[in-house]
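What the coordinates show
Each chain, written out:
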Amino acid sequence: MKYLERRVIHGLLLLIGVSILCFALSAAAPGNFFDEMKLNPQISPSTVAGLRARYGFDQPLVWRYGHWVESVLRGEWGYSFAYNCPVRSLLLVRARNTLILTGLATLLAWLIAVPLGVWTANRRGRWDDRLSMASTSLLLSVPELVIALVLLYWAVRIHTLPVGGMASVDFGGLGVQAKLFDLALHLVVPVTTLVLASLPLLVRHIRASMIEVLQAPFVQAARAHGIGGARLLFRYALPAAANPLSSLLGLSVGALLSGSLLVEVITGWPGLGPLLLDAALARDIYVVVGAVMASTLFMIFGGILADILLVAVDPRVRLGKV
Amino acid sequence: MRKKQKIVAALMLLVALHLAILLAGFIAPYNPATQNRDFPFVPPTRFHFADARGHFHLRPFIYQWTVRPEGFNEYEEARGREYPVQFFVRGPEYTIAGLVRSDVHLFGVEGPARIFLAGSDGFGRDQFSRIMYGGQISLAAGLLATGISLFLGLLVGCISGFYGSWIDESAMRLVELFLVLPWLYLLLAVRSFLPLHISPTQTFFLLVAVIGTIGWARPARLVRGIVLSAKGRKYVTASRGFGATDSYILRRHVLPHTYGVLLTQAALLVPQYIVAEVTLSFLGLGVSEPVSSWGNLLANLQQYNVLASYWWMFAPALALVIISLGYLKVANAIHERLQSDSI
Amino acid sequence: MHRWGCFATLLLACGHACFASSAPQPPQHGEDLLVTDNQIGRYGGTLVLAQRSEPKTLNPVTAADAPSREVIGRLTADLIHINRWTQNTEPALAKAWSVSNDGRVFTVKLRHGLRFSDGQPFDADDVVFSFQVYLDENVHSPQRDLLVVGGKPIKVQKIDQYSVRFTLAQPYAAAERIFDSLAMMPRHLLERPYKAGQFAQALTLNTPPAEIAGMGPFRVKQYIPGQRIVLERNPFYWKADRSKNRLPYLDELVFLFVGNEDAQAIRFQAGETDIISRLSAENYALLSKDVATRGTDFFDLGPSLEYDFLVFNLNDLRSKNLDSIAAKQAWFQAVKFRQAVSSAIDRDSIVKLVYTGHGAALWGNVSPSNKLWTDQMLPHTPYSLDRARELLKSEGFSWRSDGQLIDRQGVAVEFSVITSTSNAQRMKMATLIQDDLGKLGMNVHVVPLEFRALLDRVFQTYDYEASIMALGGGDADPNPEMNVWLSNGGTHLWRLGEARPATDWEALIDQLMQKQMVQLKYKERKHLYDQAQEIIAANVPFVFLATPNILVGARKNLGNFKPAILDPNTLWNVEQLYFIPGNGARPGEKP
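Here the structure is a predicted model, which means the values were calculated and not measured.

This part is about the domain arrangement of chain B. Reports of interface size often rely on the accessible area that becomes lost once the parts have come together. In terms of domains, chain B is made up of domain 1 (45-115) and domain 2 (131-342). Domain 1 of chain B and domain 2 of chain B are separated by 40 Å when their C-alpha centres are compared.

Shown next as structure tokens:
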């Protein structure tokens, strides 16, 4: 219980730190939301100046931060210049969509990476290990966006998969089962991209940790006792490698969140990614701060989840001082 | 003994690859910035041994590409004249490592034909030459940035994992902060403070600094995890009981456990950092035209039409795969070696 | 076939009481419908298209981004409309209008008996209200500046229920064009939020569809954040075809939000969308490869009205701390230097490599597509390095032995060109220009910058040497361009914020532009504008480069599809579009 309390307080501190830095960074970046209007010959500079003043751009940064904190307390999370509405209403649905995508991708990536990493560690240097290493190198060498585009290109060619978005146009009229199926089809491309993009990191770390464990005396002892094969690998060796892997889990949540940004944009997934990118490039700063806060929250929960898993799996930690 | 050979073999491969890239000027047939505006997006040149009359030539030859009359950016071979591939030919001047000046190239053909080993880009520039030259900047930047990241990561991770308590807490919050911040803005701000035009060398150092400093968070977190579990082991407690100092325990019992993670990270980070330049160049922080780097070559692939129409534009990815496999092999070999030592 | 039956019963069952239904209402007595002369279509179907980014608002007064304006344009209507095909004005909600002899007073007669999409009547009160909102300084509408003529806002008076008088402070050429795209808004829904000072917050994407009404062919049905907005037929729309069928034919219009231009192309290629506008030349080439198998057609409509140009920073930098740039301005200020740059740029290469041949080289600001205003006599400086060298030589430049160009003081000519990373075409142009000018011995650095960062330098800090940008593309008329050419204009990019024209030729342009603005006769006006174009071309404040062609694609079975150069290129006649039966309906369309 005490542990949770501490995590929550740390989480809050982190959120405050993130918000302050976000504000400072956004102020340091050149340009502001209303700049684009200047390029339109039909809008006069005084109109642009009027808009700037109206949204408090001529006030000092501290004033704006205070204003923002106040609106967070009111539950509005700031105001979007582009959408002319409170940021919170923009975030909720999109955060859910991002969570669906990254949650599923994290789960799948681990479900694939753990057996693969454990297996290749056991088969070190053999053909299957080499194949896995070569393919992870390939995946590492291609930007995520290119992986997504290749998959989309393939989807265009095979005609059976949707090439982006989250739901078909006639989604509203479908039954529950058909809706789920439609959603699943739309998930194929973005989830596959994210899984492929995060696999190299996971597989290699799992493999490396496992190799270390497999050489530990207790594994040799277990082998001598006649425990072998999958039982040895997964029941005895894997838990011993849990500690470093749990840090990896916390990280992989964060990595996927940042990785999903561009993938969401190119696959038209209606998550935080397109919103954040649009807002960042348009300098709709409160939306950016809001979206970053949402990702931070995800990450804090990912970290807590990782710690809980660690406690559950690694007896040393359970008995220790945590 | 076998393990030693393995390391040597892997190292030899890497050295050979790097040497080739260092000698880019000699190996690449053309200047990477030269545009051939009549030949945008030509496919890789085909080598022939048998000519139209069915005669066999020991020395391979090529045909010049010509634009197919209808169709856009589509080419066919002009069968009229054969151009034998020549070795050690004179071509555009280049310098190697800023020391040796020369104009002799490993291979080439007589003009007006051009040999495009890996096709050409949208300006008709020879992609093979661009890959060779681009490797110089990208590899150096990737290696240096990896070094910085790992050094910082190891430092923070060790201290944080070993000493625990508030040091650990604050370090880990800092890690999280680094992982979630909108770096886009920081980089934009950095760009706005820089002079407009920065030379390729300056860009290079900038890339290294930016990527390296942002990237320390992940290795730090991983190292900390290892240190945490290592220091909890019995023999550490035991050696502490024997009066070992912190630094002794760190050096002797804790650090060796981190090598595995560090090596894995190293082999991962180099290609990742090279790819990261794609994003940086979007913000105006990448290597700018007409200088090539693997990052800006890969960025071409982010356009759907390029990816869907011109398969040879994947060539830089292939080069990166080969190099990163090389690093992986070396990392694996060293890792194995260390482990066998420690047992 | 089945649908017709259902449809008829539906009409019988509902009659007039059924306002919630989006089935087209039969024409009513006294309703002044506008009769179109398109091919008679067939009711039904859903048209799907993809937008690059999400619309931000449904508020016609505050909307500034392209996707929002594209959607709002389908929801609203204007009094006088520019026909995108003929590029001329035509009556819309106004049945007719008359202009006083001095060109200052417009009397507009409205159509009788029209209704908003919620069934409420439309009359002069709505018009007066709409203009009141547009002109209100506290609302900060981007369109307000358009409605300020001669320094004074246009005066709007209601004469009777169906006539309104507009009074301008001074005569204004083609004044009826400013009415285009000014949405007429429902007073009954919007007066309350306006009076409460909350107009900007009204009509957001989250506003319930029942509280949104407009005079456009469609009305909002559903908005799903991040995914799409679905519009349904406005059953009270004020246009009908020759057979008295009330338009639009389509049941629904769906805008998907897909992220970027490539995603747009992919969706169209996969058959998930029916229309694609503003394709890039590269994607056009890619997609038109499989025309045969996909049942789609692609159209090259010729050059757009946009112009790409290279601009040198001639701003007054005395108050700024930018000495190194100020030193280079001596070169940029020399007309011959700019002319030399213009001669050394191979525009054909730009058209060929950047626009894959689907574009046109430019030497002036008016595109060859702009039939009414392009100056046929404008000289086209040929691509000639020799001419460029001569110009430079006569300005005192010379060459070092290694080919580097140096000025009188022996300083090497070296400058940077900034360009936006979000525009792949302009990035490519920069690379070509770099190579071209390299042949003159100029050492040019290409500096890609993120778009806002670029705007900040061009408009705010003046910390740049040269930039590649694009302007234009709105209307064919010269007046929207005023602020580009007037020396005190907000978009007078090469030298911003001038109180007085810095050069004689700029003073001359000022005079010509001011004169053409108040000149009501086309011929005289054209003459004045031609002169302005020639002065601009001769003094090269912008080095004009090229203009992309407008490239669009659509499903083959789309009836009345008539893409145009003016924005919105494909949807301007959306009320007339229909699916030709038999030719394979959209997959996923409900029977």
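So, on to the interface of chain A and chain B. Between chain A and chain B, the residue contacts involve 56 residues of the former and 53 residues of the latter. The largest share of the area that chain A buries against chain B comes from L25, L140 and L251 of chain A, three residues that together contribute 12% of it. Taken together, the links from chain A to chain B amount to zero salt bridges. Counting every contact that joins chain A to chain B gives four residue pairs in polar contact (both at pLDDT 80 or more). When contributions to the side of chain A that touches chain B are tallied by element, the ones reaching two or more residues are α1 (2-28), α5 (127-141), α6 (144-158), α7 (176-214), α10 (242-267), α11 (272-282) and α12 (285-313) of chain A. The dominant element in the side of chain A that touches chain B, judged by the number of residues it contributes, is α1 of chain A, at 11 residues.

Attention now goes to the pairing of strand β6 (residues 105-110) of chain C. Residue and element names in this part refer to chain C. Of the two faces of β6, the one holding F106, V108 and L110 is buried and the one holding V105, T107 and K109 is not buried anywhere. By the bridge criterion, five bridges tie strand β5 (residues 94-99) to β6 in an arrangement that is antiparallel. In the strand pairing of β6, S98 is matched with T107. Counting the residues in the hairpin turn of β5 and β6 gives five residues, including G103, whose phi is positive at 75 degrees.

We now examine the packing of helix α4 (residues 87-122) of chain A against helix α9 (residues 229-240) of chain A. Residue and element names in this part refer to chain A. Running from N to C, α4 and α9 cross one another at 95 degrees; their axes reach a closest spacing of 11 Å. The orientation of α4 relative to α9 falls into the category roughly perpendicular. Contact residues: α4 offers V114, P115, V118 and N122, while α9 offers L233, F234 and L238. Here the residues of the contact of α4 with α9 sort into six nonpolar, one polar and no charged.

What follows covers the interface of chain B and chain C. Counting from both sides, the interface comprises 28 residues of chain B and, opposite them, 34 residues of chain C. Carbon and sulfur atoms make up 61% of the area that chain B and chain C hide from each other, which totals about 2,700 Å². In this structure, the connection of chain B to chain C is made through four salt bridges. When the shortest N-O distance is used, the salt bridge between D435 of chain C and R37 of chain B registers 3.7 Å. At the boundary of chain B and chain C, one finds eight residue pairs in polar contact (both at pLDDT 80 or more). Broken down by secondary-structure element, the contributors of at least two residues to the side of chain B that touches chain C are α5 (183-193), α9 (246-282) and α11 (304-309) of chain B.

So, about the sheet that holds strand β1 (residues 48-50) of chain B. Residues and elements named next belong to chain B. If you walk across this open sheet you meet the three strands as β1-β2-β3, and the pairing is antiparallel. The sheet is open, and its two borders are formed by β1 and β3 (75-84), each paired with just one other strand. Taken pair by pair, the neighbouring strands of this sheet meet at an average axis angle of 50 degrees, ignoring direction. Relative to strand β2 (residues 56-67), β1 runs antiparallel, the two sharing two bridges. Of the residues in β2, the one forming a bridge with H48 is F61.

As a further point, take a nonpolar patch on the surface. On the surface, a cluster of nonpolar side chains totalling about 490 Å² of accessible area is made up of L104, L107, L108, L111, I112 and L116 of chain A. Along the chain, L107 of chain A turns up in helix α4.

Our focus in this paragraph is the sheet that holds β5 of chain C. Residue and element names in this part refer to chain C. As summarised here, the arrangement of the four strands in space is β5-β6-β10-β9, forming an open sheet in which the pairing is antiparallel. The open sheet terminates on both sides in strands that have one partner only, identified here as β5 and β9 (155-160). Averaged over neighbouring strand pairs, the angle between their axes works out to 20 degrees when direction is ignored. Those strands touched by helix α3 (residues 124-135) are β6, β9 and β10 (163-167), and its axis lies near 170 degrees from that of β9.

This brings us to the pattern of salt bridges. For the coordinates displayed, the defined rule picks out 48 salt bridges over all chains. Among the salt bridges present, the one from E70 of chain A reaches R74 of chain A, with a minimum N-O distance of 3.7 Å. Using a relative accessible area of 51% as the deciding quantity, one classes R74 of chain A as exposed. The salt bridge involving E76 of chain A is made with R74 of chain A; its shortest N-O contact spans 3.3 Å. Counted as one network, the salt bridges with shared partners bring together R37 of chain B together with D346, D435, D436 and K439 of chain C.

What counts and how
- Residues numbered from 1 in each chain as written.
- Chains lettered and ligands numbered in written order.
- Predicted model: local features only at pLDDT ≥ 70, side-chain atom pairs only at ≥ 80, totals over all residues.
- Heavy atoms only, no water.
- Domains from an automatic or database assignment.
- Contact = heavy atoms within 4.5 Å.
- Buried area = accessible area lost by both parts, 1.4 Å probe.
- Salt bridge = Lys/Arg side-chain N within 4 Å of Asp/Glu carboxyl O.
- Polar contact = N/O pair within 3.5 Å; in protein donor to acceptor, adjacent residues only side chain to side chain.
- Helix = DSSP H or I, 4+ residues; strand = E, 2+ residues; numbered from the N terminus.
- Buried < 20%, exposed > 50% of the residue type's maximum accessible area, 1.4 Å probe, protein only.
- Pairing = 2+ DSSP bridges.
- Axes fitted to C-alpha atoms, helices over the stretch in contact; angles between N-to-C directions.
- Parallel < 35°, antiparallel > 145°, perpendicular 65-115°, else oblique.
- Nonpolar A, V, L, I, M, F, W, Y, C, P; charged D, E, K, R; others polar.
- Patch = residues over 30% accessible without salt bridge, like charges linked within 9 Å, V, L, I, M, F, W, Y side chains within 5 Å.
- Areas by Shrake-Rupley, 256 points an atom, 1.4 Å probe, with all protein chains shown as cover.

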